[in-house]
2 protein chains.
Amino acid sequence: MHPFDDALALTADSQAPGRYLGRTSPAYANMVGPFGGVTAATLLHAVLSHPDRHGDPVALTVNYAGAVADGEFEITTVAVRTNRSTQHWTLQLAQGGAVATTATLVLAVRRDGWADTELVRPAAPGPEAVPAMPEALPLEWLHRYDMRFVHGPIPDSGPPSPARDSTTRLWVRDRPVRQLDFTSLAAMCDVFYPRAFRRLGTWMAAGTVTYTVYFHAVPADLDAVGEGWLLAQARGQRFGSGYFDQTAALWAPDGLLLATSHQLVYFKAPAAHGPG
Amino acid sequence: MHPFDDALALTADSQAPGRYLGRTSPAYANMVGPFGGVTAATLLHAVLSHPDRHGDPVALTVNYAGAVADGEFEITTVAVRTNRSTQHWTLQLAQGGAVATTATLVLAVRRDGWADTELVRPAAPGPEAVPAMPEALPLEWLHRYDMRFVHGPIPDSGPPSPARDSTTRLWVRDRPVRQLDFTSLAAMCDVFYPRAFRRLGTWMAAGTVTYTVYFHAVPADLDAVGEGWLLAQARGQRFGSGYFDQTAALWAPDGLLLATSHQLVYFKAPAAHGPG
């Protein structure tokens, strides 16, 4: 079994419809608890496995209310409203009765129609032409992705090397490779290290508080990518009073915009950068 | 009383803590039901009025699950988790037992620290130099805002006039003027007409399904704006399979980025633009 599928594995509670039991996977361990992208993907997976599911994902918002401890968790899913072409869900992930994560999800039955992409895929050399990341990475989940940084790599442990803008651009795919689906796309939209690291050129305490993915891809678009690379880009828009936002986009190699994503991140700049 | 405050007025249910009763305001009527920005602001207002409130808004996501009918509604607020510096809420707006809107809100106690804005305020002539909107507007809520379109005005009822990109840029403030606060900022992030109208140069069926605001402003930033103008800009990133996304930003006149916002919108292009 692929480690991503293992991390997402859930057991439906036969006594309580919509309730699922899971456990964190050491393969996706982050600084504290699991990689947030995998938590988002697990919540999405719960609904996509639900017998009442109506449509494909169009929008997912996940709020990281507290740390997820290593071990078991339970997910509660509620189909709040089902319309003809859309379905709205609310979700919670809890451990020992305490809510660690809340989420909302919109599914839709989509139809063909006028289409256009304004956010054009930036130019980038092919993934084969870009060096792989160094193997000496401090977080286990980073090893689960093949990342080829075209611009804005992860700061190393040397002296801080600040940057004037926070943009990172990279090729990314699962490692080992895996057929792209909505869950892995939801996780990959969170593959970017915190933008404040890029700006200040150093690591610091940081954590996503809320995360949103808009799915532009329909299933045929995911099938067309297969196990291939995605071009991913993220940028911060405003840093201040302990938080920054990040806007991100993931394109198929042919330029189709598969997903756009946004998040708000807590960060604590080193003392050299002023109070706080 | 200002019409915005009247629209947001709620009565706390003394029998059920966290439950609030309200009613739609004709002053903010949209095509069907109220302007979505006012619904978002009302949900935010409920939490900001709650005795357990801890901090100021940093992120709000509102999901429009079904139409809000003209008349009374009830809002349920739950403080899911309160940490030292953040508080996570879940909210629902219901009418006659049916959920019309769900939302999540993150509050935070913010602190000073390193700050920078990457999304720089675009150049624009001052609001006094830009013509006011025509008075013959078909939706009541449009009259509640003074909008001065610098780029990308609302299409008129003449022959379709398509545009190559979906950007709209305008000066906006409440009409009559009102001191900016978190609730009015949340509403103003939704002040943009649907981006598909701009691209195809004509009106069509469209509705927001999910809406997110990231608040970069702290209270002193709002006080500094006072009753002044904001420069607001929105752009679509991808249109396809019946949905488009929109990313937006609102700046104070001095260039401070007060809020960034994102939404996913259902739309139905006229038959001239292909199937669907």
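About the thresholds
- Residues numbered from 1 in each chain as written.
- Chains lettered and ligands numbered in written order.
- Predicted model: local features only at pLDDT ≥ 70, side-chain atom pairs only at ≥ 80, totals over all residues.
- Heavy atoms only, no water.
- Helix = DSSP H or I, 4+ residues; strand = E, 2+ residues; numbered from the N terminus.
- Rg over C-alpha atoms; globule rule 2.2 N^0.38 Å.
- Buried < 20%, exposed > 50% of the residue type's maximum accessible area, 1.4 Å probe, protein only.
- Core = buried A, V, L, I, M, F, W, Y, C linked by side-chain atoms within 4.5 Å.
- Contact = heavy atoms within 4.5 Å.
- Least-squares fit on C-alpha atoms with pLDDT ≥ 70 in both.
- Buried area = accessible area lost by both parts, 1.4 Å probe.
- Salt bridge = Lys/Arg side-chain N within 4 Å of Asp/Glu carboxyl O.
- Pairing = 2+ DSSP bridges.
- Expected span 1.5 Å × (residues − 1).
- Polar contact = N/O pair within 3.5 Å; in protein donor to acceptor, adjacent residues only side chain to side chain.
- Phe/Tyr/Trp six-rings, centres within 6.5 Å; stacked < 30°, edge-to-face > 60°.
- Lys NZ or Arg CZ within 6 Å of the ring centre and 35° of its normal.

Each helix and strand in chain A was counted, giving 5 helices and 13 strands. For 276 residues, the compact-globule formula gives about 19 Å, and the C-alpha radius of gyration of chain A, at 18 Å, lands near that figure. Its C-alpha atoms give chain A principal-axis dimensions of about 55 × 45 × 35 Å. Residues counted as buried form 59% of the 276 residues belonging to chain A.

Moving on to the nonpolar core. Core analysis: the biggest nonpolar cluster contains 74 residues, and Y145, M147 and L185 of chain A have the highest contact counts within it. Beyond its immediate sequence surroundings of up to four residues, Y145 of chain A is in contact with F4, Y28, F35, M133, V172, R173, D174, R175, A187, M188 and V191 of chain A. In this structure, A7, F35, L44 and L48 of chain B belong to the second largest nonpolar core, which totals 73 residues.

When chain B is fitted to chain A, the residual RMSD is 0.0 Å, and the transformation amounts to a turn of 180 degrees plus an axial shift of 0.0 Å. The superposition operator between the copies reduces to a two-fold rotation axis. Of all interface residues in chain B, 100% are interface residues in chain A too; the two copies therefore contact each other through one and the same surface.

Tallying the contact residues gives 66 residues for chain B and 66 residues for chain A. For the pairing of chain B and chain A, the buried interface totals around 5,900 Å² over both sides, and the portion due to carbon and sulfur atoms is 53%. When residues of chain B are sorted by the area they lose upon contact with chain A, W114, E118 and R238 of chain B head the list and together hold 16% of the total. Inspection of the chain B/chain A interface yields 6 salt bridges. Across the pair R235 of chain B and E118 of chain A runs a salt bridge whose closest N-O atoms are separated by 3.3 Å.

All right, on to the pairing of strand β12 (residues 243–251) of chain A then. Residue and element names in this part refer to chain A. Where burial is concerned, most of β12 is hidden: 9 out of the 9 residues are buried. Every second residue of β12 is oriented toward a common face, with Y243, D245, T247, A249 and W251 on one face and F244, Q246, A248 and L250 on the other, all of them buried. In this structure, strand β11 (residues 230–240) lies alongside β12, joined through 8 bridges in antiparallel fashion. Within β12, the residue paired with G236 across the bridge is Q246. The antiparallel pairing of β11 with β12 creates a hairpin that spans 2 residues between the two strands, and S241 there sits at a positive phi of about 50 degrees. Judged from the 9 bridges that link them, β12 and strand β13 (residues 257–268) form a sheet pairing that is antiparallel. The residue bridging W251 from the neighbouring strand is L257, located in β13. Hairpin connection from β12 to β13: 5 residues lie between these consecutive antiparallel strands, with G255 at a positive phi of about 100 degrees.

All names here are of chain B. If you check helix α2 (residues 36–48), its first and last C-alpha atoms are 18 Å apart, about what 13 residues at 1.5 Å a residue would give, namely 18 Å. A large share of α2 lies buried, amounting to 12 of its 13 residues. For α2, the set of buried residues is G36, G37, V38, T39, A40, A41, T42, L43, L44, A46, V47 and L48.

It is worth spelling out the side chain of N63 of chain A at this point. As for its position among the elements, N63 of chain A is in strand β3 (residues 56–64). At 2.8 Å, the side chain of N63 of chain A and the side chain of T210 of chain A are in polar contact. Of note is the side chain of N63 of chain A, whose polar atom sits 3.1 Å from the side chain of T104 of chain B. Excluding residues within four positions of it along the chain, N63 of chain A makes contact with A100, T101, T102, V209 and T210 of chain A together with H88, T104 and V106 of chain B.

What follows concerns the environment of A269 of chain A. Residue and element names in this part refer to chain A. In this structure, A269 sits in the segment after β13. The class of A269 is buried, set by a relative accessible area of 11%. Sequence spacing of A269 and D6 is 263 residues, and the spatial spacing of their C-alpha atoms is 35 Å.

What follows concerns the packing of aromatic side chains. Following the criterion strictly, the structure yields 30 aromatic pairs over all chains and no others. With a centroid separation of 5.2 Å and an interplanar angle of 55 degrees, the aromatic rings of F239 of chain A and W114 of chain B are classed as tilted. One end of the pair, F239 of chain A, is in strand β11; the other, W114 of chain B, is in the loop between β6 (98–108) and β7 (116–117), on a second chain. The exposure classification of F239 of chain A matches that of W114 of chain B, with both residues buried. One aromatic cluster in this structure is built from F4, Y28, F35, W141 and Y145 of chain A. The positively charged end of R195 of chain B is found above the aromatic ring belonging to Y193 of chain B, 4.5 Å away from the centroid. Note that R199 of chain B overlies the ring of F239 of chain B, its terminal NZ or CZ placed 5.7 Å from the centroid.

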